[in-house]
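Coordinates in review
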Amino acid sequence: MKSAIFLLTLTCLLLSNGLNAQSYSDSLNGFDEAEEKAHILMHDVDSSELEDYLESARRKFIDKKYELGFYGSPGPILNQRANVFDCAGGNWDFEDGTLSGWNATGAVTVVNNGVDPYGGYPWVYPGGGNNSAKISSDRDCCRDGRLDRVINVPATGTTLFNFHFAMSIFNFPHPANQAAKLWVEFYDQNGAKLGCPQYECFYSSDQGAVGVNTFVETPNPASFYNPQADGDSPGTHPVTYSDWNTVSMDLSGYAGQAVTAVFRVEWCGPGPDWAYVLIDIDCPVNSEMTEESCLDPITATDELCGPANMATYNWMDSNGNVLSNSRCFTAPQADLYTLECLPQNIECSAASLITMEYRVNPLPDPVIDADNGCIDELVSIGEVGTHQNPIISWDWLVDGTLTEINQSFTTSFSSEGLYDYDLTVVDDKGCSKSVSGDLLIYENPIANFTFDDVCDEETLIANSTADGLGYQISSYSWDYTNDGTDDATGSQLMYEYPNDGQFDLRHTVVNEHGCSNEITQQVTINALPTANFTVDPICFKQNNIFTNTSSVNPVTDDAIVNYSWEFGDGATANSENTNHTYPNEGIYPTELLITTNKGCQDSITIDATVYPLPVAQFSATDVCLGFETDFTDLSTVSNNYTSNSVTLWDWNFNDGNNSNVQNPGHFYQNDGTYQVNLSVESNNGCQHDTSLAVVVHPKPVANFTGFDLYGCSPICPSINSISTINAPSEISNYYWSLSDGTTYANDKSFSDCFENLGSQTDFYDVNLIVESNEGCLDTLSKDNYIEVFHNPIADFYYTPEEPNVMDPEVEFMNTSSFADFYQWNIEFHGPTNDINPIVEFPLEPDSYTSQLIAFTDEGCTDTTVQVVTVLDKIIFYVPNTFTPDKDKYNETFQPVFTHGFDPQNFTLYIFNRWGELVFESHDTTKGWSGTYGSNSRKIVKEGTYVWKIEFKETMSDKRHVHTGHVNVLR
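Residues numbered from 1 in each chain as written. Predicted model: local features only at pLDDT ≥ 70, side-chain atom pairs only at ≥ 80, totals over all residues. Heavy atoms only, no water.

**Concerning empty space enclosed by the protein**
Note the cut-off: A pocket, in this scheme, is an open set of points on a 1 Å grid over the protein atoms alone with protein on both sides within 12 Å along at least 5 of 7 lines, while a cavity is a set where a 1.4 Å probe fits but cannot get out; residues line either one if an atom lies within 4 Å of a point. Grid points are joined across faces, edges and corners, and a volume is the space filled by probe spheres set on the points. Helix and strand labels come from DSSP, where a helix needs a run of H or I of at least four residues and a strand needs a run of E of at least two; each type is numbered from the N terminus. Put simply, Ala, Val, Leu, Ile, Met, Phe, Trp, Tyr, Cys and Pro go in the nonpolar bin, Asp, Glu, Lys and Arg in the charged bin, and everything else, Gly too, in the polar bin.
If you walk through the whole model with that rule in mind, you get three cavities of 30 Å³ or more. Its volume calculated, the largest cavity comes out at about 60 Å³. Lining of the largest cavity is provided by I169, F170, N171, F172, H174, A179, A180, Y203, S204, C268 and D273. Listing elements by their share of the lining of the largest cavity, those giving two or more residues are β5 (159-170) and β7 (199-204). Across the lining of the largest cavity, the residue classes tally to seven nonpolar, three polar and one charged.

**A few points about the state of the cysteines**
To keep things clear, this is the line we draw: A pair of sulfur atoms, both from cysteines and within 2.5 Å, is called a disulfide here. Each residue gets one of three labels from its accessible area relative to the maximum for its type: buried under 20%, exposed over 50%, partly exposed in between, using a 1.4 Å probe on protein chains only.
All chains considered together, the criterion is met by eight disulfides. In this model, C294 is linked to C431 through a disulfide, with the two sulfur atoms separated by 1.9 Å. Judged by the sign of its S-S torsion, about -90 degrees, the bond between C294 and C431 is left-handed. With C294 in strand β14 (residues 291-294) and C431 in the loop between β28 (417-427) and β29 (432-442), this residue pair connects regions lying 137 residues apart in the sequence. For C431, a relative accessible area of 0% corresponds to the buried category. Residue pairing for C455: its cysteine sulfur links by disulfide to C600, the two sulfurs lying 2.0 Å apart.

**Quick word on a negative patch on the surface**
Let me state the cut-off plainly: For patches, a residue must show more than 30% relative accessible area and have no salt bridge; joins then use 9 Å for like charges and 5 Å for nonpolar side chains, namely Val, Leu, Ile, Met, Phe, Trp and Tyr. For every accessible area listed, the method is Shrake-Rupley and the probe measures 1.4 Å; residues are considered covered only by the protein chains on display. Basic side-chain nitrogens of Lys or Arg form a salt bridge, by our definition, when they fall within 4 Å of a carboxyl oxygen of Asp or Glu. Under this rule, positive means Lys or Arg and negative means Asp or Glu; His and the chain ends count for nothing. Charge positions are represented by NZ for Lys, CZ for Arg, CG for Asp and CD for Glu.
Together, D456, E457, E458 and E496 give the surface a local cluster of negative charge. Mapped onto the secondary structure, E496 falls in the loop between β35 (492-495) and β36 (501-511). For E496, a relative accessible area of 43% corresponds to the partly exposed category.

**So, helix α3 (residues 33-42)**
As a reminder of what qualifies: Directions are taken from the helix axis to each C-beta atom, and the arc is the one they span. For this analysis, residues touch if any pair of their heavy atoms sits within 4.5 Å.
All of the buried residues along α3 are E36, H39 and I40. The buried residues of α3 occupy one face: seen down the axis, they fall within an arc of 95 degrees. Residues of α3 that are buried in the fold lie against α4 (50-65).

**Structural notes on the packing of aromatic side chains**
Worth spelling out the cut-off: Any pair of Phe, Tyr and Trp rings, taking the six-membered ring for Trp, is counted once the centres come within 6.5 Å. Such a pair is stacked with planes under 30 degrees apart, edge-to-face with planes over 60 apart, and tilted for the rest.
For the structure shown, the criterion picks out 67 aromatic pairs. An angle of 75 degrees between the planes, with centres 5.0 Å apart, marks the rings of F618 and W651 as edge-to-face. Of this pair, F618 sits in strand β48 (residues 618-620) while W651 sits in strand β51 (residues 646-652), and the two are 33 residues apart along the sequence. There is no split in this pair, since F618 and W651 are both buried.

**Section: the UniProt feature "domain: PKD" (unreviewed entry) in the chain**
Quick reminder of the rule: UniProt positions are given in the numbering used here, feature names are shortened, and annotations may be inferred rather than shown by experiment.
With numbering aligned to this structure, UniProt lists the feature "domain: PKD" (unreviewed entry) at residues 546-610 and 636-696. Between the end C-alpha atoms of residues 546-610 the distance is 13 Å, and the span holds 0% helix and 60% strand. The distance from the first to the last C-alpha atom of residues 636-696 is 27 Å, and the span holds 0% helix and 54% strand.

**A look at the side chain of D317**
Put simply, the rule reads: Here a polar contact is taken to be a pair of N or O atoms separated by no more than 3.5 Å, where protein atoms must pair a possible hydrogen donor with a possible acceptor and residues adjacent in sequence count only if both atoms sit in side chains.
As for its placement among the helices and strands, D317 is situated in the loop between β16 (310-316) and β17 (322-324). For the buried D317, no salt bridge is present, and the opposite-charge side chain at shortest range is R359, 13 Å distant. For D317, the side chain forms a polar contact with the main-chain nitrogen of N321, separated by 2.9 Å. Contacts of D317, omitting those with residues within four sequence positions, involve L323, D335, L336 and Y337.

The structure is reproduced here in structure tokens:
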């Protein structure tokens, strides 16, 4: 199904291109399927994908064979003719950062930086601008790429097309027909491929480098330089790269035609094995297109450069003088220069000498004519230079603003200053030059004058106060008759008018630069007034009330309008009726100067009396809270000018209380600083008050706390003052005392130890007196603050004093003192709370530790320990008869001991009646069997025998001897 769809598509494509429809097999004529299969399998393609890769190879073969798709013709060119190349705006070298002007297909981008990871060459052509184009990539995302551009070849002259490229190729060992390649092909204006020029560049295992001889192989595989590089085994095969190369193509054979240049980069499909190209294009050059340029305005020279990729360069001036053999040289002046150059690396044609012309045009030479002027006056500005080529535009910038586009103009300025102007002229060759200059605009003077209105029969004096604003005033003139004609000159005018009335006076001034200004003011000749006023005496610092009673007899409409008071202390006022406060007591001659609305004046002087204020002053005692503050009046009053005395007192204690007594006393309820005010009044009703900060020092608040304040004797409490006092006072002294008369040093705290040897708790009252740094005191007593509990005295005895194993019962007699309850810990018996316990000890001699703990209700204790010893008792039994007759009953004589003997110190003697020793034993477990000796079998005769026992008691080293009789029966 996949093959059928491809065949149908192919047939349609063939028909649409005007080709005869053929069978699928006819279209693949020339396709070596076995060779392609071997090529695909060489790339380790999975066998399940082999058919897909073969199908792709067949499609590529047919596309190339019939020039379809990626390999297709760009088509016929319509409406593409132009007489010149647009080198400045045509984006031949991608300098606008886009592919504008080009037709891009597939993987084509514009780059502005980067270094090739394999070859280390820059991705932007070093001899070009800021951008180059990149066709294809080393990633599977961006395989084949193509760039097309129409070139309108001029009808005459030699036309060269130069491009520059650098290339990197994944170096999988391919023969030439399978290698990744760069193709450069041209198509005529009908879309037919041209046989020449053409160019291809690649690197193959059978042909090596094709297109350039600068290919270099990397020492490491591709993934060493770019771990993300695609390709068949990029970790195995290296990369072959070529740094920037230049290729020239002669398009003169297509003069007057439009051709299309096609740049195409294609990959090897199965790998995929890639190639990519960095390319930069020069604008085409034509030998008969004269390049026009202008001299540089700064250097008066011009840098001329011929086309790139020439084998030789020969620059000549208009006289045929050879100036340089380099591609670029500096033209020293305006002239028509000729360049003869021989191209190199021309594709498809032989190089021939090309002659080109470069015209360097002279710059225009503008000259400016401008006059200085005054503010708001028109000034003329114009360009009057002589130029080799006609000027087509004038651009004037005055003070940084585009002002005019004509050759000359007039303008005015509203402020003084140095104004910069810039002129740029452009001639019909496009050459421009700018010149700058400046002109001065001067400030006009300010006309003004001062004068005083005068009364009838007085001379008017007018003084010019004109301001030249930094310039010299050269003339002054006056017109006092108001007829338009100057009547006087000079900076001062003195003139007496013949009668009263109002007159216009004009004054004109001119400065050194001829700038002028004038002013007209009105002067008045007026009638005279009569001054008078009344004033009452007052106290110092009060306002004196001045009542005007002046008058005027009008000549026309004269009236008093201005009042000038001088109060005799340097102060003045200007109101008709006024108030004034004098700075001191005294008698002040006060003058009233009145002025009418016409400027006429009169004055009068009357004394103003100012009584002194009493000076309120007092002192106060410094006290602690709770004590009375005594206030003493110290007020005074002056009698320098008038007779005065203090007659009234008003005290404000600043706590809501007042007094009218001259020297009062007062109790404050709270500590602090009180601004006490005293107001006094003199016999003339003058008052004064003053305030004084009266301090009532805070009383300290005595308080203390402690720990270890109670306990069993002895205790060692620590007591610390936590007394407080209001700021800013401080507690400076501490006085401690106890109820037993003990006192302690002046310290914030104290510690001591107390012992109670009695039967009751001892209580101690603690008293603290604290004193502030101002001597204020407070006392705190805490009764029974320290409690020393009495201790009990533990004691006992027991009866009997020497208990023994025969009578081991012991009664403990508690003789403790000052105790409330008890605890006995008696070895063997255990604990008990009985007061007098009775304990029966075991019937064995031993010693028993007996402890008595006496307790008080407050938890105080005392302990005594005694050891009760149960003594051993000598207890033994001696039989008086035995029958050693071998009937197994009563066969031996043996003393039986129960307690009180040491078996290691024991001897039994048996004597007969004659005192002979018949038996001796040191073993309490071995008795007498009635024989002679312990080892004899001879039985003694029946009868009575004497026994003797010697042993040591266990209770001491005392030895005991006991004797008796024993009967032997048979």
